[in-house]
Amino acid sequence: MVIAAVAMVTLRLWSLQILSGEHYRALARDHGVLDVRVHPPRGEILDRTGKVLVDNRTVMSLELRPSDLPSSHAERRAELRRLGSLLGLSQRAIHSKVRETPQYAGYPVVLRQDVDRRLLFYMLENRRSFPGASIERTYVRQYKDGSLAAHILGLVGQVSPHQLTRPAYRTLKPGDIIGQAGVEYTYDKFLRGTAGSERIQVDALGRPRGQLGSRPARAGDNLRLTLDAGLQAVGEAALRAKGLPSAFAAMNVHTGAILAMGSYPTYDPSFYTRPHTKAQYDAFGNRPGDPLVDRADQGGYPTGSAFKPITATAALEDHLISPGTIFDDTGSLDIGGLVVHNAGGAAYGPVDMSTAIKVSSDVYFFNLGLHASASGKHGQIQDWAHRYGLGEKPNIDLPAAGPGLIPTPAWRNRVYRSHKNPYIDRPWNQGDNVNLAVGQGDVMVTPLQLARAYAALGNGGALVTPHVGGRIVDVHGRTVRRIRPAPRRHLHISDQTRNVILGGMHRAADEAGGTSDAVMGSFPIPVAGKTGTAEREGQQDQSWYGVIAPYDNPQIVVAVTVERGGFGVESAAPIARTILERYFNLNGGSAGAVNAAAARAAGPG
Amino acid sequence: MEAAKPSLTIAPRRPLAERLGLTGVDGVMLGASVGLIAFSVFTLATSTRDEIAGRPMYFVERQALYAAAGIVLMIAISRIDYTRLRDLRMTIYAAMVGSIALVLLVGTAVRGSNRWINLPFFQFEPSELAKVLLCVSLAAFVYERVRRPFGLRQTVTLLGLGLAPAALVFLQPDLGTGIVLVAVALTILFVSGIPWQHFAAIGAVAALIAGGVYAAGSAAGVSFLHGYQQDRLTAFLHPSDDPSDASYQVNQAVIAVGSGEEVGRGSEATQTELLFLPERHTDFIYAVIGERFGFLGAAFVIFLYAILFWRAIRVMRASSSYYGTLIAAGVVAMLVFQVIINVGMNLGLMPVTGITLPLMSYGGSSVLGTFLALGILQSIHAQSRRD
């Protein structure tokens, strides 16, 4: 019996160690190994001069992963109670934090950011007694200039389970931070960096006993924007001073590089770097004036007369008229029984195209709208508007930019038949074309789109691809990639057409009787500008101004719109002038000196 | 011719064994036991450095001290005539039962079990000593009784004497030692030549009572096996939930032993080093050996135990006295049961019962108790050679 027992034990030993030894060796190896993900610091975002707009701050935060809490209800309650007493939170408060933090299964809930040293060490020493809770060293975005360029910079946030299924986010893990809006989103793959890992040997109590190996995290590359922080600040300040919902876009006429682009009201993106409840997030986004909306590239409005250069291009290039064609502006026009008037009841007498743009004769353009053909999805004005990039997404490197709308007979008739829009209460008629010719009615254009269209006029026909990203620079300062998107298309506009339209816009800004002469007449650099005053249902007029400068050697285009701003020259034009003054450095300083010198060197022509 | 000159004669050198008092000692058994305790000290030296912070040699020093004391005790015992213990049977038996009872009254509870008495120098675990004392005293009782006419009454009395200490130990509760005591008692009674019909009758009654209790308990809603099985299952599915759970221990032990493969993992022995294996200097020391030294080391230990068993059984069979045979049978049962149950537990063959591995597990009571038993075996060996 003794022999049998000894033999049995020896056999078992043989089977465990010799026959299945490899299996158990593998089990034992995995046992004490903990893989810790090391988050990389996210790349910084800088303006075109190298000024830091966004960098990172390291915070130690106390995170709770609800799925790792003890499975027993009583233990879970006990642990939350202990955590609560450490943090000075009631259990109800912790519960609501867990419930109200927008999160997904398995995602951490930040209970406290910036834990103090006492709590930090206590938690590190007693981590075994708090399963599911951990101190994490994380990077949080730090916005150097408060709300400056908030809409362009965008936001970061945890990658969502849905996003994790996309190929671009294949290497990420739940809880990783990615760009969720603005350039943070567009250039995420450069900014994000690569997570590293540390294999740590831990004992049965979870205490680290040594490092087995590590793959260092690779910091994200930095992003140099095309924005000029100084110009941006001046533009945003001008909007803020006006105090009405408004937006502007200032762009290099030739390259599409956005020099400044702002929207008011705006918000402080650092709000999103702190943990909040869902109710707090909702309240933040739903403040009056919709501060989260970037009106510069998402706000579509009728442009009023600022649309006239597009109508003029269509009329001249499609030979509806010649530049010398004269219409007698009697102050009103009868179109099939409906009489339409100039704004303010003015009558300009016989005018040619150049003068019609200068004084912004509605009757002249009503005539063009009346004579331009439109059917189905096309029309002479509509097709040119599309060539100018209106009614389509601007291809800018900001994810939320909107397409606006250029109404066609097909579009209007479809919406009318669907009964989905109470304002579209009849099918298309020629009156809609007349409205479109002066930028009224259903047309919707964003300030960015108007700037882009004017840029095409200014640069001789290239419809540029607007962009705020300038180049990607690695941590050593080497440029990894330059962002120079090619123009979307080239418009074939004759020099004659271009000169007539730009000349009219120059006269509008520079000659007595021009629509923006009151604001721009005294501007030392010649410009070509067009006001817009759009009637909007149920509120005061939308104020617009689009301007190309210098007139004879275009560098910069600025488009401004102000909701309820009244006449274009009243609200939008002064803001545009402020931006141009800064750009050409007319108030001292050095940033704009180069631009001003270049403008003067070209001389009047 | 120098012997003719007494003045120049140097006293003849006595053999080393004689000078150490080792004459009549079974050298093979001595070698196996010393080899085992040496292996124990070596294993503790390699694997308990981090057990108590700042005192890497804590267990090693103590175990070495117990080993030295145990070997001296064994040799000392081997030189006395064990038959004299027969006259002390009542004292020994009373001391044994008394010490176990004392534990129940004043003992120190460790992990829910009341097994230790605090002495000035160390914690004394009476049940470790009780195994040996039971061998000596029960053998003496049997020796006294069998000279008289032998009836069922005698058998019941002896069975009562043999099982009483086990019952007390079960109350501590110490299931493992209780089982060993029962095994020792039954082995002695079995070897004594009590008619097998007595055992059959008693066994039948016991089975009836046990069955009755089980049936009544089940009817009353008390579950005997179910809760235990459920715990095992839960522990298997969530081994990290309760590191003190029995099946967690067995899992860790089996992983440790298996991962040792042929020659062991040496200092890479993560299972034992990283504290995944609980009780690794006592009940699970065999798993430590398995992981560190592989099949080579673990089989070598089994080999040493096999030699120990072989020599112990040889002493039992060669004993010139009936009393010696009975004691030796008890000691053999005690050693074999402990080794097989402990090693079986380490290899995942037996449930966890908290039995120490003789001469291998750390602990003064266990080491001294085992050496005491081996000393008595050596004494029996010496006596039978003398006769």
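Residue positions within a chain follow its written sequence, with the count starting from 1. Lettering for chains starts from A, numbering for ligands starts from 1, and both go in the order in which the items are written. Per-residue local features are limited, in this predicted model, to residues with pLDDT of at least 70; the limit for side-chain atom pairs, both in listing and counting, is 80 or more; totals at the level of whole chains, interfaces and linings are taken over all residues. With hydrogens and water set aside, each side-chain value is computed from the structure's full complement of heavy atoms.

Once that is clear, we can look at the overall build of chain B. Going along the chain from the N terminus, every DSSP run of H or I of four or more residues is numbered as a helix, and every run of E of two or more is numbered as a strand. Across its full length, chain B carries 14 helices and 3 strands. Taking all 387 residues of chain B together, the buried fraction comes to 52%. Here the accessible surface of atoms and residues is derived via Shrake-Rupley with a 1.4 Å probe, and residues count as covered only by protein chains that are part of the display. Carbon together with sulfur atoms contributes 66% to the accessible area of chain B, which is approximately 17,500 Å² in total. Burial here depends on accessible area, computed with a 1.4 Å probe over protein chains only, as a share of the maximum for the residue type. Under 20% is buried, over 50% is exposed, and the range in between is partly exposed.

Let us now look at the overall build of chain A. When its secondary structure is counted, chain A shows 23 helices and 25 strands. Across the 605 residues in chain A, those meeting the buried criterion constitute 52%. For chain A, restricting intrachain contacts to residue pairs at least 6 apart in sequence, the fraction spanning at least 24 positions comes to 69%. When the accessible surface of chain A is summed, it comes to about 26,300 Å², and 52% of that surface belongs to carbon and sulfur atoms. Note on definitions: a residue-residue contact is assigned when non-hydrogen atoms from the two residues lie within 4.5 Å.

All names here are of chain A. Between the N-to-C directions of two axes lies an angle of 0 to 180 degrees, each axis being a line fitted to C-alpha atoms and, for a helix, fitted only over the stretch in contact. Close contact between helix α13 (residues 308–317) and helix α16 (residues 380–387) brings their axes to 9 Å; oriented N to C, the two are set at 115°. Between α13 and α16 the crossing geometry is right-handed. Two secondary-structure elements touch here, α13 through Ile310, Thr311, Thr313, Ala314 and Glu317 and α16 through Gln380, Ile381, Trp384 and Ala385. Classification used: nonpolar for Ala, Val, Leu, Ile, Met, Phe, Trp, Tyr, Cys and Pro, charged for Asp, Glu, Lys and Arg, polar for all others including Gly. For the contact of α13 with α16, the class distribution of residues is 5 nonpolar, 3 polar and 1 charged. Should the near helix be turned anticlockwise from the far one by less than a right angle, the crossing is termed left-handed; should it be turned clockwise, right-handed.

Okay, a nonpolar patch on the surface next. Residue and element names in this part refer to chain B. Every patch collects residues that have over 30% relative accessible area and no salt bridge, joining them within 9 Å if they carry like charges and within 5 Å if they are nonpolar side chains (Val, Leu, Ile, Met, Phe, Trp, Tyr). By definition, a salt bridge exists where a carboxyl oxygen of Asp or Glu is found within 4 Å of a side-chain nitrogen of Lys or Arg. Where nonpolar side chains cluster on the molecular surface, the patch consists of Leu102, Leu105 and Val106 and spans about 320 Å² of accessible area. Inspection of the secondary structure assignment puts leucine 105 in helix α4 (residues 89–106). On the basis of relative accessible area, leucine 105 is assigned to the exposed category, the value being 71%.

Glancing now at the packing of aromatic side chains. Residue and element names in this part refer to chain A. Between 30 and 60 degrees the pair is tilted, below 30 it is stacked and above 60 it is edge-to-face, where a pair is any two Phe, Tyr or Trp rings, Trp via its six-membered ring, whose centres lie within 6.5 Å. In this structure the tally under the stated criterion is 27 aromatic pairs over all chains. Between phenylalanine 271 and tyrosine 281, the aromatic rings sit 5.8 Å apart at their centres with planes inclined by 90°, giving edge-to-face as the arrangement. Separated by 10 residues along the polypeptide, phenylalanine 271 in the loop between β12 (258–264) and α11 (278–285) and tyrosine 281 in helix α11 bring together distant segments of the chain. For phenylalanine 271, a relative accessible area of 12% puts it in the buried group. Aromatic rings pair up to connect Tyr267, Phe271, Tyr272, Tyr281 and Phe284 into one cluster.

Close inspection of predicted coordinates is inappropriate for parts of the model with low pLDDT. All names here are of chain A. On a range of 0 to 100, pLDDT expresses the predictor's confidence in each residue. When pLDDT is averaged along chain A, the result is 87; 92% of the residues meet or exceed 70. Scored below 50 in pLDDT, residues 589–593 makes 7 contacts in the model with residues more than four places away or belonging to other chains. Here residues 601–605 is a poorly scored stretch, pLDDT under 50, and it has 4 contacts once near neighbours within four places are set aside; other chains count.

We now examine the sheet that holds strand β23 (residues 528–536) of chain A. Residues and elements named next belong to chain A. Ordered in space as β12-β11-β25-β24-β23, the 5 strands form an open sheet in which the pairing is antiparallel. Edge positions in the sheet fall to β12 and β23, since each has one partner strand and no second. Direction aside, neighbouring strands of the sheet carry axes that sit 10° apart on average. Between any two strands, at least two bridges found by DSSP are needed for them to pair. Pairing analysis gives 6 bridges linking strand β11 (residues 246–252) to β12, with the strands arranged antiparallel. When the bridges of β12 are listed, methionine 251 appears paired with isoleucine 258. Sitting on the sheet, helix α20 (residues 495–510) is in contact with β23 and β24 (539–549), with an inclination near 80° to β23.

Here we take up unusual backbone geometry. A cis geometry characterises the amide bond from tyrosine 264 of chain A onward to proline 265 of chain A, with omega recorded as 0°. Along the chain, proline 265 of chain A turns up in the loop between β12 and α11. That bond from alanine 549 of chain A to proline 550 of chain A is cis: its omega, -15°, falls within 30 degrees of zero. Turning to its location among the elements, proline 550 of chain A is positioned in the loop between β24 and β25 (556–562). Notably, histidine 319 of chain A is not glycine yet its phi reads approximately 55°, a positive angle. Note on placement: histidine 319 of chain A falls in the loop between α13 and β13 (327–329). Look at leucine 359 of chain B: it is not a glycine, yet its phi comes out positive at around 65°. Relative to the helices and strands, leucine 359 of chain B is located in the loop between α13 (322–346) and α14 (364–386). On the basis of relative accessible area, leucine 359 of chain B is assigned to the buried category, the value being 0%.

All names here are of chain B. Where helix α7 (residues 175–191) contacts α13, the two axes come as close as 8 Å, and the packing angle between them is 145°. Here α7 runs over α13; the crossing is right-handed. Of α13, the residues touching α7 (which contributes Ile179, Val180, Ala183, Val184, Thr187, Ile188 and Val191) are Thr325, Leu326, Ala329, Gly330, Ala333, Met334, Phe337, Gln338 and Ile341. Looking at the contact of α7 with α13 residue by residue, the class counts come to 12 nonpolar, 4 polar and no charged.

Residues and elements named next belong to chain A. Along the chain, threonine 303 turns up in the loop between α12 (295–298) and α13. Judged by relative accessible area, which is 0%, threonine 303 ranks as buried. The residues touching threonine 303, leaving out its near neighbours within four places in the chain, are Gly439, Val443, Val445, Leu450, Gly532, Thr533, Ala534 and Trp544.

Right, let's get into the pairing of β23 of chain A. Residue and element names in this part refer to chain A. Burial runs high along β23: 7 of the 9 residues are buried. The pairing of β23 with β24 spans 8 bridges and is classified as antiparallel. Pairing of lysine 530 across the sheet is with glycine 546, part of β24. Hairpin connection, β23 to β24: the antiparallel pair is bridged by 2 residues, and glycine 538 has positive phi, about 75°.

Now for helix α1 (residues 2–19) of chain A. Residues and elements named next belong to chain A. Helix length check: α1, at 18 residues, gives a terminal C-alpha distance of 25 Å against a target of 26 Å (1.5 Å per residue), a fit within 8%. Restricting attention to buried positions, one finds in α1 the residues Ala5, Val6, Val9, Leu13, Leu16 and Gln17. One side of α1 carries all its buried residues, which in axial view fall inside an arc of 100°. Among the exposed residues of α1, those oriented more than 90 degrees off its buried face are Ile3, Leu11 and Leu19. One fewer than the residue count of a helix, multiplied by 1.5 Å, yields its expected span. The directions considered for the arc run from the helix axis to the C-beta atoms.

Glancing now at the confidence of the model for chain B. Residues and elements named next belong to chain B. On average, residues of chain B carry a pLDDT of 80, and 76% of them reach 70 or more. Every residue in residues 223–230 is under pLDDT 50, and counting partners more than four places away or in other chains gives 5 contacts. Within the model, pLDDT remains below 50 along residues 232–244, and this stretch shows 12 contacts once partners closer than five positions in the same chain are excluded. Across the assembled chains, the prediction reports ipTM 0.73 with pTM 0.64.

Our next topic: the pattern of salt bridges. Residues and elements named next belong to chain A. Within the structure shown, the criterion is met by 21 salt bridges over all chains. A salt bridge links aspartate 442 to arginine 412, with the shortest nitrogen-to-oxygen separation between them at 2.8 Å. In this pair, aspartate 442 sits in the loop between α18 (430–437) and α19 (447–459) while arginine 412 sits in helix α17 (residues 409–418), placing the two residues 30 residues apart along the sequence. Residue class for arginine 412 comes out buried when judged on its relative accessible area of 3%.

A few words on the side chain of glutamate 392 of chain A. Within the secondary structure layout, glutamate 392 of chain A lies in the loop between α16 and α17. Ignoring any residue separated from it by four or fewer positions in sequence, one finds glutamate 392 of chain A in contact with His386, Gly402, Pro403, Gln449, Arg452, Leu463, Arg488 and Arg489 of chain A.

Mapped onto the elements of the fold, proline 351 of chain B is located in the loop between α13 and α14. Measuring from C-alpha to C-alpha, the distance between proline 351 of chain B and valine 250 of chain B comes to 8.1 Å, with 101 residues separating the pair along the chain.

The subject of this paragraph is the environment of valine 159 of chain A. Residues and elements named next belong to chain A. Structurally, valine 159 can be placed in the loop between β6 (156–158) and α7 (161–164). By relative accessible area, which is 0% here, valine 159 ends up buried. A sequence separation of 20 residues divides valine 159 from glycine 179, and the C-alpha atoms of the two residues are 8.4 Å apart.

Residues and elements named next belong to chain A. Tracing the backbone shows serine 354 in helix α14 (residues 353–359). Overall, the relative accessible area of 14% leaves serine 354 in the buried class. The sequence separation of serine 354 and asparagine 499 amounts to 145 residues, and the corresponding C-alpha distance is 9.3 Å. Not counting chain neighbours up to four residues away, the residues in contact with serine 354 comprise Val500, Gly503, Gly504 and Arg507.

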